[in-house]
Amino acid sequence: MLAFVIRRLGVMLVTALVLTFVVFFLTNLPPNLEKLARSEGSVRMTDAAVASWLEEHGHTGSVFYRYAEWLGVAPGWVNTDEKGVTRGLCIGQRDDPALAPKFCGIFQGNWGFSTVFKKTVLYSLGKSMAATGWLMLAVMVVMVPIALVIGVLAGMREGSRTDRVLSTFSIATSATPEYVSGVILVALLASPATGLSPVLASWGWIGGKTLFMGTATSAMDHITFWNFALPVATIALYGVGYIARMTRASMTEVMTQQYIRTARLKGVSFRQVVLRHALRNAMIAPFTVIMLQFPYLLNGVVITETLFNYKGFGWMLVTAAGNNDIEMLLGASVVAVIFVLVTQLISDIGYVFLNPRIRLG
Amino acid sequence: MSNAVWDPSQPILEIENLSISFFTRLREIPAVMDFSCKVMAGEAMGLVGESGCGKSTVALGVMRDLGKNGQIVAGSIKFKGRDLVKMAEEELRHLRGSEIAMIYQEPMASLNPAMKIGAQLIEVPMIHQGMARVQAWALARQIVADVRLPDPDRILNAYPHQLSGGQQQRIVIAMALMSKPALLILDEPTTALDVTVEAGIVDLVKDLGQKYGTSMLFISHNLGLIMDVCDRLCVMYSGEAVETGAVAQVFDDMRHPYTQALFRSIPLPGADKNARPLISIPGNFPLPHERPKGCNFGPRCDYFQAGRCDAGDVAMADVPEGDRHASRCVKWDEIDWHAPPKARVVKEKAPIGKVVLQMDDLKKYYSVSGGAFGGGHAKVVKANETLSFNAHEGETLAIVGESGCGKSTFAKVLMGLETATSGTITLFDEQVQSTPIQQRSVDTVSSVQMVFQNPFDTLNPSMTVGRQIIRALEVFHIGTSDAERTDRMLELLDLVKLPRAFADRMPRQLSGGQKQRVGIARAFAGGAKVVVADEPVSALDVSVQAAVTDLLMDIQRQNKTTLLFISHDLSIVRYLSDRVLVMYLGHVVEMGSTDQVFQPPYHPYTEALLSAVPVADTKVIRKRIVLEGDIPSAMNPPSGCPFQTRCRWKSHVAGGLCDSTMPPVQTLAGGHQIKCHLGADVLAKMDPVITFAAE
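Residues numbered from 1 in each chain as written. Chains lettered and ligands numbered in written order. Predicted model: local features only at pLDDT ≥ 70, side-chain atom pairs only at ≥ 80, totals over all residues. Heavy atoms only, no water.

## Description of the overall build of chain A
Spelled out, the test is: In this text, helices come from DSSP runs of H or I with a minimum length of four residues, and strands from runs of E with a minimum of two, each type numbered from the N-terminal end. Relative accessibility decides the category of a residue: with a 1.4 Å probe and only protein chains considered, values under 20% of the type maximum give buried, values over 50% give exposed, and everything between is partly exposed. The contact criterion used throughout is that any non-hydrogen atoms of two residues lie within 4.5 Å.
For chain A, the count of helices and strands is 13 helices and two strands. Taking the principal axes of its C-alpha atoms as reference, chain A extends roughly 90 × 65 × 30 Å. Each of the 361 residues in chain A was classed as buried or not, and the buried ones make up 45%. Counting contacts in chain A only where the partners sit at least 6 residues apart, residues at least 24 apart contribute 64% of the total.

Here it is in structure tokens:
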């Protein structure tokens, strides 16, 4: 077990390095850097001025070396300009250059400074991840149980009416992307002009103008059912359909297995056959899918958070990408890569516990 | 419960005129028609027939578990006087597992992989008797000990995949016995197991039947097994019972042509491939929706008489002198049942030529890692140990052994799918032991070919039969043009006695026996000199087995092919091989001509193997030697002699030599080799396992 985890962690480290390098390379392409120079320095800089600004701020030289600097395995750049001001990667604005450390990359905890948010990357990341964490938690709590129940109910009697109804529902939701379902939900439940809200308001059933709130900005400070339900529903709906389809497929397959017949012919009641004999075996395949759903959620929150103006990871990613915030993007990519790899590790380990026959090697 | 009113002198199970159909979108497919049988208390009833004859459907019909499409369309199934057909689902549930229990063909698939053995066992009394968990656990422990499994506590806490096949089947039996059922249905309970393990299970089933007074419905395609276990039997063909009666009566005085044909197509001791070849049943099993009018067996029957046999439905007729003996044949009274078969053609024995294949000290080791997450020490599996033999042109060399003995590994090394760890393989003066198949010349590849065990999986399902054979010809660079290759392909179809029209068929349109013929045609496409046949007939029905083995023998006579026949079925080995090589845990324990191996002196393992094979002949007296325990793991072989853990002759060797030293190969008279410590005097005194009763 331990050897397996260590080996996997090694593979993960290599994967993370490769992936972050790809992101580093793409965000540090010359046009991006030029844009950075003009936005940080002056929009009217000459090309020569841009080149010298880049030179002074350590954006020239081999991309590998700069990546190593960013990681913190190579000494950070230090430049002294003609005015005698010494700048460096590791030197703060009012720090004494002589006391500054030699290395300062992400390994040393220096994730850089966000040009958009005017805060350190770590601080902005922490804040947005916390916000997204609550959103994802709510989505998982809603999505997984609903999807599993739908999948199991549909799969236990293949071809029955229950199966057809639930399967249609899950196909429909998994065929509806978030930007469609989100808009529909808003129009239906959170618009003062259309959908349910005007009707309810005219009957006097709701105090405000709308049933749900169309924006989740207030949920940043205080989560309530009314400001959080729509973003959660938007993300969960898509996932429900997907996981339910997987669970149903796995459940129908398990229900045709011979050991289910054995259980039935032992006199076990149908309910017990499903709960005791089929369920654990049917959970093995969807478990991987559910764990894969976590990275997918990171992706899904981009649209939903923008739609509902919820300042989480997705919103931040969109803002950072739109404003050429290189260090922020790099920080976000590190978090995303680690997140994906860790969920996959958990998925593999959990699989072994669900399925006694599997031996990882 | 109704047990109180049931009279034990009445049948436990009485099936009357049962008809079961499966309904598809297209049509109704009758699976069982007009089936009747009676099982008395304590009686064991056998159901015999080939695949697709409806025997398993009868069993599932008794359990009322026919799936969504299956339905009982007529007749009644009375269990202790109560009609199961009219019973409500809830009432049925109380009967299942408590009064009627079932044992299945594949033990691994029948046990829940994610539940511990103990949890699966205690469920039965907890549901039916409302027993408390602790008591149920104690009962399970006792029953597990009853089915002769060692260390019950460990077994109860194990998952199914941690047990061997034989142990799993014992658990399935234990599960069936947990609430002492009145009727036990066994559906091919030993088909997936090795013969020596099968012998142990059969003994266990018989003993338990006597101990608990359980009635049994025993389903099998193996006539020998039926004779060992059952009192009465019912022969089924294409959905109908064709003959029923006491076992001895049906075996010795059969009154239905199908029963007779079945017995003539199985290799019994005394059959010989040249002097007394087997007679296969001509034609094919009719598909359920293509059954002929009148007698279903009519088109394949030697005694068929147009106008009578195909006139209308044939009813079961009682055979007067027998004990509840009945036959579904209009002519049973007219046929001379003792007349010898007409169609027997005596064939020439093929001459045996020079040595074409020589194995010398061949070894093949694999290394595997242990531990659930890949940790632990790497272990070495010694799949083949010091394999030395040679094979001659035109000879059939049988390689016999149970699963895990290394016979398939040896085939892989010979074919070049694996390379040898050490030793040499000389094939026509060329050493091939370390040349993988990708590096072998086309000549070498085409001269050594293989016929596989399972014809259903080894043909490409999306390519026509003809195309697959032509593909093989292309690979072997035979023929210069497509036309030439097409001609050669048609000749090959002739060789394997398939109509030329089959060239355009897809594999799914062929029956199992026909598919295997295509497999044989493909193997011989490049003019193979050495053919490795890995259990070529074990997946086929008995009536087809004879035809396919005969075909192999005919091709061998024509082409002087060397046939390496890998099998676990000793009856067929005795029938067709010239020399036999017995393997156990990677070692060759005995080698000699067929007569030498099948007659004493034996290697102790060969002796046990011979005695384990059920023989469907009432005149044969067989010594019962049941081996204790399972085959040891090749990963952790016993010290000294590989067979010492199960050997009953061990006490005849002085000084614990068996435990400590690998026995030497003794060469007896006539080049007969035995790898054993037993002295020549002990070997000489061995009794034959099979003797014929005086007629």
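That was the structure; now back to the text.
## Observations concerning the overall build of chain B
The line we're drawing: With C-alpha atoms as the basis for the radius of gyration, the globule rule is written as 2.2 Å multiplied by the number of residues raised to the power 0.38. Only the protein chains shown count as cover for residues, with accessible areas throughout obtained via the Shrake-Rupley method and a probe of 1.4 Å. Only four residue types enter the tally: Lys and Arg on the positive side, Asp and Glu on the negative side, with His and both chain ends excluded. Where a charge sits is defined by one atom per residue type, namely NZ (Lys), CZ (Arg), CG (Asp) or CD (Glu).
The secondary structure content of chain B amounts to 22 helices and 26 strands. Against the globule reference of 26 Å for 695 residues, chain B gives a C-alpha radius of gyration of 27 Å, in line with a compact fold. In terms of principal-axis extent, the alpha carbons of chain B reach across some 80 × 65 × 55 Å. Out of the 695 residues in chain B, the part that is buried amounts to 57%. Long-range contacts, defined as pairs at least 24 residues apart, comprise 67% of the intrachain contacts of chain B with a sequence gap of at least 6. As displayed, chain B has an accessible area near 27,900 Å², and 51% of this comes from carbon and sulfur atoms. Charge-centre separation for chain B: the mean point of 70 positive side chains lies 3 Å from the mean point of 77 negative side chains.

## Overview of the domain arrangement of chain A
Residues and elements named next belong to chain A. Where we set the bar: Each domain's extent was defined by an automatic or database domain assignment. Each of two parts loses accessible area, computed with a 1.4 Å probe, when they are put together; buried area is these two losses added. Each salt bridge in this description consists of a side-chain nitrogen of Lys or Arg and a carboxyl oxygen of Asp or Glu lying within 4 Å of one another.
By the assigned domains, chain A splits into domain 1 (2–108) and domain 2 (121–354). When each unit is reduced to the centre of its C-alpha atoms, the spacing between domain 1 and domain 2 is 37 Å. Facing the 19 residues of domain 1 at the interface are 13 residues of domain 2. When domain 1 packs against domain 2, close to 1,400 Å² is buried across both sides, 79% of that on carbon and sulfur atoms. In this structure, the connection of domain 1 to domain 2 is made through one salt bridge. Salt-bridge contacts for Arg8 lead to Asp348; the nearest nitrogen and oxygen are separated by 2.2 Å. Elements with a minimum of two residues in the side of domain 1 that touches domain 2: helix 1 (2–27) and helix 2 (30–40). Examining the composition of the side of domain 1 that touches domain 2, we find that twelve residues originate from one element, helix 1, more than from any other.

## Re the side chain of Asn28 of chain A
Assignment of secondary structure puts Asn28 of chain A in the loop between helix 1 and helix 2. Excluding its chain neighbours within four sequence positions, the residues that come into contact with Asn28 of chain A are Leu33, Arg66, Ile326 and Leu330 of chain A.

## Thoughts on the nonpolar core
Definition in use: As used here, the term nonpolar core means buried Ala, Val, Leu, Ile, Met, Phe, Trp, Tyr and Cys residues forming a set that is joined through side-chain atoms within 4.5 Å.
In this structure, Leu13, Phe35 and Ile185 of chain B are the most contacted members of the largest nonpolar core, which totals 190 residues. Setting aside chain neighbours within four positions, we find Leu13 of chain B in contact with Cys37, Lys38, Val39, Val62, Ile77, Lys78, Phe79, Leu183 and Leu217 of chain B. Among the nonpolar cores identified, the runner-up in size contains 64 residues, and Phe24, Met136, Met143 and Ala219 of chain A belong to it.

## Notes on the pairing of strand 20 (residues 562–567) of chain B
All names here are of chain B. Quick note on the threshold: Strands qualify as paired when DSSP identifies two bridges or more between them. For crossovers, right-handed means that the path from the first strand over the helix to the second runs clockwise, given strands pointing away from the viewer.
The buried count for strand 20 comes to six of six residues, which makes it a mostly enclosed element. The alternating pattern of strand 20 places Thr562, Leu564 and Ile566 on one face and Leu563, Phe565 and Ser567 on the opposite face, and all of these are buried. By the bridge criterion, five bridges tie strand 15 (residues 396–400) to strand 20 in an arrangement that is parallel. From the neighbouring strand, Ala398 faces strand 20, where its bridge partner is Phe565. With five bridges connecting them, strand 19 (residues 530–534) and strand 20 associate as parallel partners. The partner of Asp534 across the bridge, within strand 20, is Ile566. Regarding topology, helix 17 (residues 542–559) serves as the crossover connection from strand 19 to the parallel strand 20, and that connection is right-handed.

## Observations regarding helix 15 (residues 482–495) of chain B
Residue and element names in this part refer to chain B. Put simply, the rule reads: A helix is expected to reach a length of 1.5 Å times the quantity of its residues less one. It is the directions from the helix axis to the C-beta atoms whose arc is reported.
Its 14 residues place the ends of helix 15 20 Å apart at the C-alpha level, agreeing with the 20 Å of an ideal helix rising 1.5 Å per residue. Among all positions in helix 15, only Arg485, Met489, Leu490, Leu492 and Leu493 are buried. Taken down its axis, helix 15 places every buried residue within 155° of arc, on the same side. Looking one or two residues past helix 15, Lys497 carries a phi angle of roughly 60°, positive in sign.

## Thoughts on a negative patch on the surface
To be explicit about the condition: For patch detection, residues must exceed 30% relative accessible area and be free of salt bridges, and they are connected within 9 Å for like charges or within 5 Å for nonpolar side chains (Val, Leu, Ile, Met, Phe, Trp, Tyr).
On the surface, Asp252, Asp253, Glu321 and Asp333 of chain B cluster together into a patch of negative charge. The topology assignment puts Glu321 of chain B in the loop between strand 11 (317–318) and strand 12 (326–327).

## Examining the sheet that holds strand 4 (residues 70–79) of chain B
All names here are of chain B. Stated precisely, the cut-off is as follows: Lines fitted to C-alpha atoms define the axes, with helix axes restricted to the stretch in contact, and inter-axis angles between N-to-C directions lie between 0 and 180 degrees.
Judged by pairing direction, the sheet is antiparallel, and its four strands sit side by side in the order 2-1-4-5 without closing on themselves. Strand pairing shows two members of the sheet lacking a second neighbour, strand 2 (28–39) and strand 5 (82–83), which therefore form its edges. Two elements, strand 4 and strand 5, share two bridges in a ladder whose sense is antiparallel. Counted as the bridge partner of Phe79 is Arg82 from strand 5. Along the sheet face, helix 1 (residues 55–62) touches strand 1 (13–23), strand 2 and strand 4 and points at about 110° away from the line of strand 1.

## Overview of the sheet that holds strand 13 (residues 355–368) of chain B
Residues and elements named next belong to chain B. If you walk across this open sheet you meet the four strands as 14-13-16-17, and the pairing is antiparallel. For this open sheet the edge positions go to strand 14 (379–392) and strand 17 (430–431), each flanked by a neighbour on one side alone. Sheet topology places strand 13 next to strand 14; ten bridges connect them, and they run antiparallel. Looking at the pairing, Ser367 lines up with Val380 of strand 14.

## Overview of the interface of chain B and chain A
Put simply, the test is: Here a polar contact is taken to be a pair of N or O atoms separated by no more than 3.5 Å, where protein atoms must pair a possible hydrogen donor with a possible acceptor and residues adjacent in sequence count only if both atoms sit in side chains.
Opposite the 34 residues of chain B that make contact, chain A presents 24 residues. Carbon and sulfur atoms supply 54% of the area buried between chain B and chain A, which totals about 2,700 Å² over both sides. Our count for the chain B to chain A interface comes out at three salt bridges. Taken together, chain B and chain A are joined by 14 residue pairs in polar contact (both at pLDDT 80 or more). Only strand 6 (100–103), helix 3 (107–110) and helix 4 (117–128) of chain B provide two or more residues apiece to the side of chain B that touches chain A.

## A word on the confidence of the model for chain A
Selection rule: As a per-residue measure, pLDDT tells how confident the predictor is, with possible values from 0 to 100.
Per-residue confidence for chain A gives a mean pLDDT of 83; residues scoring 70 or more make up 96%. Between the elements of chain A, mean pLDDT differs from a low of 72, seen in strand 2 (residues 86–88) of chain A, to a high of 91, seen in helix 6 (residues 161–174) of chain A.

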